[in-house]
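As a plain string of letters, each chain reads:
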Amino acid sequence: MNISSYYNALKFSLNDQGWNSTSRLVAKMARQALFGKAPFKSRAYPGAIIVGSMNFCNLQCQHCYLRAQPTAVKRMMDINTFARMTARITPLIEKAGIFNFATVEALFHPKLFEMMDMVRSINPALCCVIFTNGMLLDEARIDAIIHHRLRRITISLDGCNKSTVEAFKTGIDFDKVIRNIRLLRSRASDNIRITTIFVAHRKNIKELPDYVDFCAELGVDAIIVNGLIAYQPEAEIDCLYSWEGRPDIDAIILQAEHKADRIGICLRHLGTKLNPVGCGSSDVMYIDLDGNVTTCAMLAQPTAWALAGKKGTSRQTLWGNIFKQNPYDIWTSASFVEFRKQLYENHLPTACSLCAAGHKVIC
């Protein structure tokens, strides 16, 4: 990572996560500069815990990973199961830094804030993460977010034009989402950092520079520009990356980044050139509805993929079940450690070979 990359990473962290998280990042960068990357710690606890508390969403987006997995009965984890789960993983929660309650719409779960209270009672310092499509950010939920002292919210917003956004996300109401973002900023003032995720695809990329202005007017603090994951070959036409890279797309993103710098918004992005170096899940424990453990929702079920002209279906890849085994023993099992070590050392495991998130085009 060069000096410019270090600077951009720190600037984005400060805007997206605040000073406490950024100070830890500064310390980590300093250690790496002095001593190099730390060896992989096979006995460490997970830094982040994600619970897949439901397998459906309030939207029906065609580009969602749920569409690429076997059809299953729609299920939502009940509060008693979540309580049993947290009791089993209490030692891990005590050591974790981040807890995420869903890989779909977290606010869709009616017991979200009860679950948040449960894990915060174990570890008050936990950073509880909410990713949302913005549709459910009503006044009551915003007040609950403020009451629970959340410091940041990440909202999926894939454009600044109603037609573009509504054509991409099935069931989204662009006007409602914008009203909700304004309401969040108004009620939370500057106490919550708002980050938007812009999934770049063929039909929205040209509006990215205007999107920066639009987000500034909404009071957004930071923007993440991600590539689109294709789960079916027909979706690849909308993807904006390749093995050679896309200089035309990089130029548009750079234009947007320069505009963001001028008006005080941090814009984070990766490149358009596929590079199989793995993702940042080496310290993540993902637990599904049944207590099965893996690193991400895409490995919890067989998942169809399409990437750069190749297609396939990854197998279900699990390392145990927290209701049947000691969760720490699962985390430190030889096979799970080896898999996570590959990710940490920038080697893409075979199970992830067709996932765009493992190819440095998704933040």
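Structure: above.
Residues numbered from 1 in each chain as written. Predicted model: local features only at pLDDT ≥ 70, side-chain atom pairs only at ≥ 80, totals over all residues. Heavy atoms only, no water.

1. Quick notes on the packing of helix 9 (residues 208–218) against helix 10 (residues 247–263)
Next up, step 1: Packing of helix 9 against helix 10 brings their axes to within 8 Å, and their N-to-C directions diverge by 25°. Judged on the interaxial angle alone, helix 10 and helix 9 are roughly parallel. Taken as a pair, helix 9 and helix 10 cross one another with a handedness that is right-handed. Contacts between helix 9 and helix 10 involve Leu208, Pro209, Asp210, Val212, Asp213 and Ala216 from the former and Ile252, Ile253, Gln255, Ala256, Lys259, Ala260 and Ile263 from the latter.
Next up, step 2: Taken together, the residues of the contact of helix 9 with helix 10 sort by class into nine nonpolar, one polar and three charged. (Axes fitted to C-alpha atoms, helices over the stretch in contact; angles between N-to-C directions. Helix = DSSP H or I, 4+ residues; strand = E, 2+ residues; numbered from the N terminus. Parallel < 35°, antiparallel > 145°, perpendicular 65-115°, else oblique. Left-handed = near helix turned anticlockwise from the far one by under 90°. Contact = heavy atoms within 4.5 Å. Nonpolar A, V, L, I, M, F, W, Y, C, P; charged D, E, K, R; others polar.)

2. Comments concerning the sheet that holds strand 13 (residues 320–321)
Next up, step 1: Here six strands make up an open sheet; going across it, the order is 3-2-1-9-10-13 and the pairing mixed. The open sheet is flanked by strand 3 (127–129) and strand 13, the only strands paired with a single partner.
Next up, step 2: Judged from the three bridges that link them, strand 1 (residues 48–51) and strand 2 (residues 98–100) form a sheet pairing that is parallel. Across the sheet, isoleucine 49 pairs through a bridge with phenylalanine 99, a residue of strand 2. (Pairing = 2+ DSSP bridges.)

3. Observations regarding the layout of surface pockets
Next up, step 1: Estimated volume of the second largest pocket: approximately 410 Å³.
Next up, step 2: Along the wall of the second largest pocket there are 18 residues; nearest its centre are Gln62, His63, Phe168, Ala235 and Asp238.
Next up, step 3: Looking at the lining of the second largest pocket, its residues break down into eight nonpolar, six polar and four charged. (1 Å grid on protein atoms, 1.4 Å probe; cavity = no way out; pocket = protein on both sides within 12 Å on 5 of 7 lines; lining within 4 Å. Points joined across faces, edges and corners; volume = space filled by probe spheres on them.)

4. What to know about the pairing of strand 7 (residues 222–227)
Next up, step 1: Extensive coverage of strand 7 is indicated by the burial of six of its six residues.
Next up, step 2: Here strand 7 shows no split at all, with Ala222, Ile224 and Asn226 on one side and Ile223, Val225 and Gly227 on the other all buried.
Next up, step 3: Here six bridges tie strand 6 (residues 193–200) to strand 7, and the two strands are oriented parallel to one another. Of the residues in strand 7, the one forming a bridge with threonine 195 is alanine 222.
Next up, step 4: Regarding topology, helix 9 serves as the crossover connection from strand 6 to the parallel strand 7, and that connection is right-handed.
Next up, step 5: Taken together, the four bridges between strand 7 and strand 8 (residues 266–269) define a ladder with parallel strand orientation. (Buried < 20%, exposed > 50% of the residue type's maximum accessible area, 1.4 Å probe, protein only. Right-handed = clockwise from strand over helix to strand, strands pointing away.)

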